[in-house]
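Summary of the model geometry
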Amino acid sequence: MIKRSFIGLAKPRLENQFLEEKQSEPVKIPASKKVTLLLNVPFDPYIKRESDLIKIGDTVKTGQRLSISPDSDEYVISSVTGTVSYITSFSGGLGQAYTAISIDVAEKEEIDEEFAKISKTPNLKDTINFLAGVPGNPPLKSCFQPEKSINTIVISGADSDLLTITNQYILKSKAASVKKGIGILMKLTGVNNIIMIVPQYLMQAASTTGANVRIVDSQYPAGLPHLIMKDVLNQIVPAGKSLEDSGVCFLTAEAVASIGTAFEKGQVPVTKTFTLVKKDESRILVSARIGTPIRDIFKACDVAVNDKDRIIMGGVLTGSSVYTEDQPLQVDTDTIVVQDRGNIQPTTDYPCINCGECVRICPAKIPVNMLVRFLEAGQYEQGAESYDLYSCVECGLCSYVCVSRIPIFQYIRLAKHELAKIKEAEATE
Amino acid sequence: MSNQKKFIVSHAPFWLDGSKISIRSYNIMLATLPAVIFGLFQYGMPALGVVALAISSAVIWELVWNVVTKRSNAIGDGNSALIGLVFAMLLPATVPWWFVIIGTFVAVIIGKQIWGGIGANAFHPVVVAIAILTLSWKDYFDFQAALVNYDFDFSMIFPLAAVKHAAQHTDLFSVSEIVKSFSAGDLLMGKQAGGIGATFGLGLLIGGIYLMLRGFIRWEISVSFLVGIFVTALLFNIADSARYAGPVFHLFTGYTLIGAFFLLTEDSSSPVNFIPMLIYGFGAGVMTVLIRNIGVYVDGVIFAILVLNLVSPILDKIRPQAIGKVV
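The rules behind each value
Residues numbered from 1 in each chain as written. Chains lettered and ligands numbered in written order. Predicted model: local features only at pLDDT ≥ 70, side-chain atom pairs only at ≥ 80, totals over all residues. Heavy atoms only, no water. Contact = heavy atoms within 4.5 Å. Buried area = accessible area lost by both parts, 1.4 Å probe. Salt bridge = Lys/Arg side-chain N within 4 Å of Asp/Glu carboxyl O. pLDDT = per-residue confidence, 0-100. Pairing = 2+ DSSP bridges. Helix = DSSP H or I, 4+ residues; strand = E, 2+ residues; numbered from the N terminus. Axes fitted to C-alpha atoms, helices over the stretch in contact; angles between N-to-C directions. Buried < 20%, exposed > 50% of the residue type's maximum accessible area, 1.4 Å probe, protein only. Phe/Tyr/Trp six-rings, centres within 6.5 Å; stacked < 30°, edge-to-face > 60°. Expected span 1.5 Å × (residues − 1). Arc of directions from axis to C-beta. Lys, Arg positive; Asp, Glu negative; His and termini not counted. Polar contact = N/O pair within 3.5 Å; in protein donor to acceptor, adjacent residues only side chain to side chain.

1. A word on the interface of chain A and chain B
A common way to report how large an interface is uses the accessible area buried once the components associate. In this complex, chain A contributes 79 residues to the contact, which on the side of chain B involves 46 residues. Together chain A and chain B conceal approximately 5,200 Å² of surface at their shared face, both sides included; 58% is due to carbon and sulfur atoms. Area buried by chain A at its contact with chain B is led by A:Arg4, A:Tyr350 and A:Ile353, which between them contribute 11% of it. Our count for the contact surface shared by chain A and chain B stands at two salt bridges. Here B:Arg319 makes a salt bridge to A:Asp388, at a shortest N to O gap of 3.1 Å.

2. Observations regarding the confidence of the model for chain B
Put simply, chain B has an average pLDDT of 92, and 98% of its residues get 70 or more. Model confidence for the complex is summarised by a pTM of 0.91, with the ipTM given as 0.90.

3. Observations concerning the sheet that holds strand E11 (residues 248-252) of chain A
Residue and element names in this part refer to chain A. Pairing is parallel in the open sheet, where four strands are placed in the order E10-E9-E8-E11. Both outer strands of the open sheet, strand E10 (212-215) and E11, are each paired with one neighbouring strand and no more. Mean inter-strand twist for the sheet, computed between neighbouring axes without regard to direction, equals 25 degrees. Strand direction decides the pairing type here: strand E8 (residues 152-156) and E11, joined by five bridges, are parallel. Note on E11: the bridge partner recorded for Thr 152 is Val 248. Contacts between helix H8 (residues 253-265) and the sheet are confined to E8 and E11, with E11 contributing the most and set at about 80 degrees to the helix.

4. With respect to the pattern of salt bridges
Any two side chains of opposite charge can pair, on the condition that their charged atoms come close. Applying the stated criterion to the full structure yields 19 salt bridges over all chains. With a closest N to O distance of 2.7 Å, A:Asp326 and A:Arg295 form a salt bridge. Taken together, the residues span a long stretch of sequence, with A:Asp326 in the loop between strand E15 (320-322) and strand E16 (335-339) and A:Arg295 in helix H9 (residues 294-300) at a distance of 31 residues. Residue A:Asp326 is classed as partly exposed on the basis of its relative accessible area, which comes to 36%. Since its relative accessible area comes to 30%, A:Arg295 is described here as partly exposed. Note that B:Asp267 and B:Arg218 form a salt bridge whose closest N and O atoms lie 3.3 Å from each other. On the criterion of sequence distance, the pair formed by B:Asp267 in the loop between helix H13 (256-263) and helix H14 (274-294) and B:Arg218 in the loop between helix H10 (201-214) and helix H11 (219-239) is long-range, its members being 49 residues apart. Overall, the relative accessible area of 12% leaves B:Asp267 in the buried class. You can call B:Arg218 buried: its relative accessible area is 3%. A single network of salt bridges, built from pairs that share partners, joins A:Arg295, A:Glu325, A:Asp326 and B:Lys5.

5. Some remarks on the packing of aromatic side chains
Scanning the model with the defined rule gives 23 aromatic pairs over all chains in all. An angle of 45 degrees between the planes, with centres 5.7 Å apart, marks the rings of A:Phe115 and A:Phe130 as tilted. Remark: A:Phe130 occurs in helix H2 (residues 124-131) and A:Phe115 occurs in helix H1 (residues 114-120); sequence separation between them is 15 residues. With a centroid separation of 5.2 Å and 10 degrees between ring planes, the pair formed by B:Phe152 and B:Phe154 is classed as stacked. Overall, the relative accessible area of 23% leaves B:Phe152 in the partly exposed class. Here the aromatic cluster, defined as three or more aromatic residues joined through ring pairs, consists of B:Trp98, B:Phe99, B:Trp137, B:Tyr140 and B:Phe141.

6. Some thoughts on helix H14 (residues 408-428) of chain A
Residue and element names in this part refer to chain A. An ideal rise of 1.5 Å per residue puts 30 Å on 21 residues; H14 measures up with 30 Å between its terminal C-alpha atoms. Inspection of H14 places Ile 408, Phe 409, Ile 412, Arg 413, Ala 415, Lys 416 and Leu 419 among the buried residues, and these make up the whole buried set. Down the axis, H14 shows its buried residues gathered within 160 degrees of arc, on one side only. Set apart from the buried face of H14 by more than 90 degrees, the exposed residues are Glu 424 and Thr 428. Elements that come into contact with the buried residues of H14 comprise helix H11 (368-376), helix H12 (380-386) and helix H13 (397-401).

7. What to know about the side chain of B:Asp316
Residue and element names in this part refer to chain B. Along the chain, Asp 316 falls in the segment after helix H15 (301-315). The side chain of Asp 316 sits in the buried core without any salt bridge; Arg 218 is the nearest counter-charge, 7.0 Å away. Within the structure, the side chain of Asp 316 is placed 3.2 Å from the backbone nitrogen of Asn 273, a separation counted as a polar contact.

8. Looking at the sheet that holds E15(A)
Residues and elements named next belong to chain A. In spatial order, the strands read E1-E13-E12-E16-E14-E15; together these six strands make up an open sheet with mixed pairing. At either margin of the open sheet sits one strand with a lone partner, and together these are strand E1 (27-28) and E15. When E1 meets strand E13 (residues 283-289), the two strands line up parallel, connected through two bridges. Residue pairing in the sheet places Val 27 in a bridge with Val 286 of E13.

9. Regarding the pairing of strand E6 (residues 82-91) of chain A
Consecutive residues of a regular strand have side chains that alternate between opposite faces of the sheet. Residues and elements named next belong to chain A. Here strand E3 (residues 59-60) pairs with E6 via two bridges, running antiparallel. Bridge pairing links Thr 59 to Thr 83 in E6. Bridge count for E6 against strand E7 (residues 97-105) is nine bridges, and the pairing is antiparallel. Across the sheet, Thr 88 pairs through a bridge with Ala 100, a residue of E7. Counted along the chain from E6 to the antiparallel partner E7, the turn is five residues long, and its residue Leu 94 has a positive phi close to 50 degrees.

10. Structural notes on unusual backbone geometry
Here A:Tyr220 and A:Pro221 are connected by a cis peptide whose omega angle stands at 5 degrees. With respect to the secondary-structure elements, A:Pro221 resides in the loop between E10 and helix H7 (225-231). Residue B:Pro13 is bonded to the preceding B:Ala12 through a cis peptide linkage, with omega at -5 degrees. With respect to the secondary-structure elements, B:Pro13 resides in the segment before helix H1 (21-43). Positive phi, close to 55 degrees, is recorded for A:Lys365, a residue that is not glycine. Position of A:Lys365 relative to the elements: it lies in the loop between helix H10 (357-361) and H11.

Listed below in structure tokens is the structure:
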């Protein structure tokens, strides 16, 4: 926890973490008995569907492409070999509905051959069909559609949230895979402008990958995609638009390395590397199969969790907390933080006192003090129109400095979510 | 499922910088202490009585309001205690007990709670209270009369009143003579008549600098207010030095310093963007000197602050463009 400094006149400095000089190798978590994969489609247990592509009792192989309905192009790659034991619904943050597929792991591992065949003659369609869910979660589906015109690929070797060192480690240790991945992306997509964003000290490692290397500031929130666009590429993303709309595809170094490894070995990578921050704020790198329940990760790393502790997936400023140790490791989980109950500061229902701390720290120059008044009252449209809701880059600093401890960041996320829902409802009418 | 551990699930961010409303209130109270303690030594037990009664009655009014409106008890945030303390600092030491209690009622209930409580008040609660009391019982704010029973080694004339009086009768008095009789050093060291905690300029400066460094008040407001007073008073003085006192005199008398650090900077009634803060502070400074020099009131700080509180939301519309915003 970084407290406010005694001299409160200066802005707080939140430095991103760097790799240590002799960063120890990731701890390898042995295969669990059971893994759970989350498929990004809602699941209704009461409908009996004959057409389901996978059913309880099916055997799956490592690297096999699993999807539940023939109409949907959503899929997950099985990270283990075993038998499907359970299919159920699962809800994530803000009501996101998933289908959870649990697999009992068999003793002997078999590798699915389908991707090996495809990898000999790489093409974009098959790549999207197999590699959109590799560790690092590359946004291949949203970027490389016919209606989007991507002209730049930005690869971030920096980590966006505090305490995380995952991407930096991957870039340093797997520079060759990143290079291979860049080559494949250039060939498949025809985009030649590849820019790599790294902290100063990784310049050397990044320059070997053949990308155009730029330096990013080490102070939070410089590593967030929107701010990299603004400060490093000098290109401002219009409020409410995504990076893809501006012609930029944003990938993490880990995602690129996964794509490189996949074509190198002819196998879809299924092992995720992430940073585990223990209760004493010591950091270790861990690698585990996707879908491993975090219970097994904690057991292997000697992390004891008790009632009223907090488990955070994603960073301390932008992540989300989970309610169960059965939560599976996902492809975009760069960080898992465990907070002891003694270190948790509760938010309050105090009103805004208009101290202006948030206004001064906001990297997007949003009048947060005014915005939060509208969002608290549920007037999301007014907030979006008059007080720049859509300019928010979601760094979480406003809540971090809030004297009244208002969950401003959550209000902003909720407002965006609700407005998106309204828009969707209007579109379908 | 019953043997599942129960974790705390909440929303990002999971780190906070540890600031709190109570820490803010208590630090501002701490910053008032040099001036308040000086006042207590100067005016003795009556002053202690006023300060203690003001703080306790303000807290009780807050508690009563919480009970009546069935809200959770909010006296722990220190805001009402702070209101009581700042209110007492502005009073002469000899005011009667009922006057203090009415004052804190006006400050806490009319100044703050009926607007919606902390953060919702459009005006500084204490300034509202002082303004209403000045209009209702203006004799109690006549510092010369109020402090007539004290015998100090300095002139017990309230400096601003003396200058105002002299300016109207330039044939009888000389403004520059009166101003000369109050040296800047004496004014800073509290050798002047005034409110319990409003006369010790050095103490107020120390408190204000502490608050600005710690970030509990916004330096832009205080500094631009003092600059506004200095510049306006200087212009008046240049224009007609026979009738208008110089800038240093205006800086160290009346409610100027306490206004700069403890009244004008109240969070919910002041703007938060950079340029609006400068306009707000400077505007209050200009208004103060205008009222002092050509208005009917002796000290203009209170009404200047009320006026600027009123325009602060409009001023705050001057703000930088958010990134990515296409108008």
